[in-house]
Amino acid sequence: MKYNIAQPSFLGNEKKYLIDTIDSGWISSIGAYIEKFEKEFAACHNMKHAVATHNGTIALHLALAACGVHEGDEVIVPDLTFIATANSVQYCRAIPVLTDVSLNDWNIDPEEIRQNITPRTKAIIPVHLYGNPARMDEILSIANENNLFVIEDCAEALGAISPSGKVGASGHISCFSFFGNKIITTGEGGMCITNDDELAERMRILRDHGMNRQKKYWYDHLGFNYRMTNMQAAVGLAQLERLGDLLAMRDRIYDSYKEALQTQPQFIFQDTHGNRNVNWIFTIRMEGITEDQRDAVMLDLKQQSIDTRPVFYPIHDMPFYSNEKYSGKFKHSIIISREGISLPTYIGLSDDDIQYISGTLIGSFEKLTA
Ligand SMILES: Cc1ncc(COP(=O)(O)O)c(C=O)c1O
């Protein structure tokens, strides 16, 4: 494949810091890079605490567990997201309450959230899908009115900015992913940030098997091994040093795709409401296309060496989430999922590459939907 959907960019101190961990022998979950990475990550969001984890999925689980979410509690999550958002709720034996998204920004719809609140609701997990900030002002005021935790799923949105500030800086806890295709990567990796001293302390204890912080090998709680390694943190720190450049390059890719694709009136872009979308993976809706036609377009592009992805399938469609009560409930997640296609987005794509990919997409779309 000439154009992958994503690929990491290691142009800074990644190798140097990684070798340093090997030379020092500190390769597991104790080491100076973990502390540095956590400190810098918290500072970059103006938050008091950052707790590094082994991946983004368990960052979400850790956050929910620290907030005391347990069996029978309900947690409101978008129907259109990566599966981990909903699964993390199930890991607590709580109930994910799938909620429709807005057709314009593809993020959880605050009005739908209001309708799904019950006396058992404990938390809301807004997701900033494809790097586009959710409507945090409205979500935070709903949470305040109803005394709910807000756990932001920022897995795809490091560096995005909404009117409430930097994405991740306004919820009780916010969770990030550093998987290989993310804005910055540590291979596998995740982070929880918070301003709440108690929640941070609980996350640190639960991340380390529930071990008492003063008494080694004494466990007051059932915890997990969710720790990040010093090797992951070494790569993460080097990536974070380059965050500004990485975001600027993603902005350029976003602008080039938008300019090249807006000539086709059936191509619809995520509405950013004027916020800073970090263009995790450039994704559009091809209005009116069927799922079969969309898949045919993807295949056609693959044959021309361009890798693409469908938008996530609605969670309610998964066999272990499907439930009669969802019938007819979701209008927008279904449309966005059916019509959506993600295009190669990574540092190193030139304007010429983007022109080529966009031209090929327009050609395939017109040929296969004629
Ligand atoms: C919205 C969202 N939430 C959670 C995750 C889970 O992160 P990880 O793959 O690091 O476990 C991802 C990762 O792909 C994601 O896109």
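Residues numbered from 1 in each chain as written. Predicted model: local features only at pLDDT ≥ 70, side-chain atom pairs only at ≥ 80, totals over all residues.

Below, the discussion takes up the pairing of strand 5 (residues 149–153). Side chains on a regular strand alternate between the two faces of the sheet. The buried count for strand 5 comes to five of five residues, which makes it a mostly enclosed element. Where strand 4 (residues 121–124) lies against strand 5, two bridges are found, and the strand directions are parallel. Bridge pairing in strand 5 places I124 opposite V150. Read as a crossover between parallel neighbours, the route from strand 4 over helix 6 (residues 136–146) to strand 5 is right-handed. Bridge count for strand 5 against strand 8 (residues 173–177) is three bridges, and the pairing is parallel. Paired with E152 across the bridge in strand 8 is S174. (Buried ≥ 20, exposed ≤ 12 C-beta atoms within 10 Å, placed from the backbone. Helix = DSSP H or I, 4+ residues; strand = E, 2+ residues; numbered from the N terminus. Pairing = 2+ DSSP bridges. Right-handed = clockwise from strand over helix to strand, strands pointing away.)

Attention now moves to the sheet that holds strand 13 (residues 340–342). The antiparallel open sheet is built from four strands, whose spatial order is 10-11-13-12. The sheet is open, and its two borders are formed by strand 10 (267–269) and strand 12 (309–310), each paired with just one other strand. Relative to strand 13, strand 12 is paired through two bridges, and the arrangement is antiparallel. Residue pairing for strand 13: R309 is matched across the bridge by S342. Lying over the sheet, helix 10 (residues 291–303) contacts strand 11 (283–286), strand 12 and strand 13, oriented at roughly 20 degrees with respect to strand 13. (Contact = placed C-beta atoms within 7 Å. Axes fitted to C-alpha atoms, helices over the stretch in contact; angles between N-to-C directions.)

Taken together, 14 residues lie near the ligand, and G56, T57, F82, A155 and S177 sit nearest. Of all the secondary-structure elements, those providing two or more residues to the shell around the ligand are helix 3 (56–66) and helix 4 (84–91). Tallied by class, the residues present in the shell around the ligand amount to five nonpolar, seven polar and two charged. (Near = placed C-beta within 6 Å. Nonpolar A, V, L, I, M, F, W, Y, C, P; charged D, E, K, R; others polar.)

Here I22 is to be found in helix 1 (residues 14–24). Sequence separation of I22 and L98 is 76 residues, and the distance between their C-alpha atoms is 44 Å.

Here we take up the domain arrangement of the chain. Entries for the chain in the domain assignment read domain 1 (14–241) and domain 2 (243–368). Taking the mean C-alpha position of each, domain 1 and domain 2 sit 25 Å from one another. Facing the 28 residues of domain 1 at the interface are 30 residues of domain 2. (Domains from an automatic or database assignment.)

What follows concerns the packing of helix 9 (residues 243–261) against helix 12 (residues 351–368). With their axes 9 Å apart at the nearest point, helix 9 and helix 12 run at an angle of 35 degrees to one another. Crossing geometry of helix 9 relative to helix 12 is assigned as right-handed. Facing helix 9, whose interface residues are I253, S256, Y257, A260 and L261, helix 12 presents D351, I354, Q355 and S358. Of the residues in the contact of helix 9 with helix 12, the class split is five nonpolar, three polar and one charged. (Left-handed = near helix turned anticlockwise from the far one by under 90°.)

Moving on, we get to the nonpolar core. A63, L64 and I151 are the most contacted members of the largest nonpolar core, which has 104 residues in total. Among the elements that take part in this core, helix 3 stands out by supplying eight residues, more than any other. Ignoring sequence-local partners within four residues, the contact set of A63 consists of I151, I173, C175 and C192. (Core = buried A, V, L, I, M, F, W, Y, C linked by C-beta atoms within 7 Å.)

Bringing the environment of V97 into the picture now. Relative to the elements of secondary structure, V97 occurs in strand 3 (residues 95–99). For V97, a count of 20 C-beta atoms within 10 Å puts it in the buried group. Each C-alpha atom, one on V97 and one on I113, is 9.3 Å from the other, the two residues being 16 residues apart in sequence. Setting aside chain neighbours within four positions, we find V97 in contact with E74, V75, I76, V77 and N116.

Strand order in the open sheet made by the seven strands is 1-9-8-5-4-2-3, with mixed pairing throughout. In the strand order of this sheet, the two ends are held by strand 1 (49–53) and strand 3, each with one partner. Each strand axis lies, on average, 25 degrees off the axis of its neighbour in the sheet, ignoring direction. Relative to strand 9 (residues 190–194), strand 8 runs antiparallel, the two being bridged by four bridges. Along strand 9, the bridge assignment pairs S177 with G190. Sheet strands touched by helix 2 (residues 32–44): strand 1 and strand 9. Its angle to strand 1, the strand with the most contacts, is close to 130 degrees.

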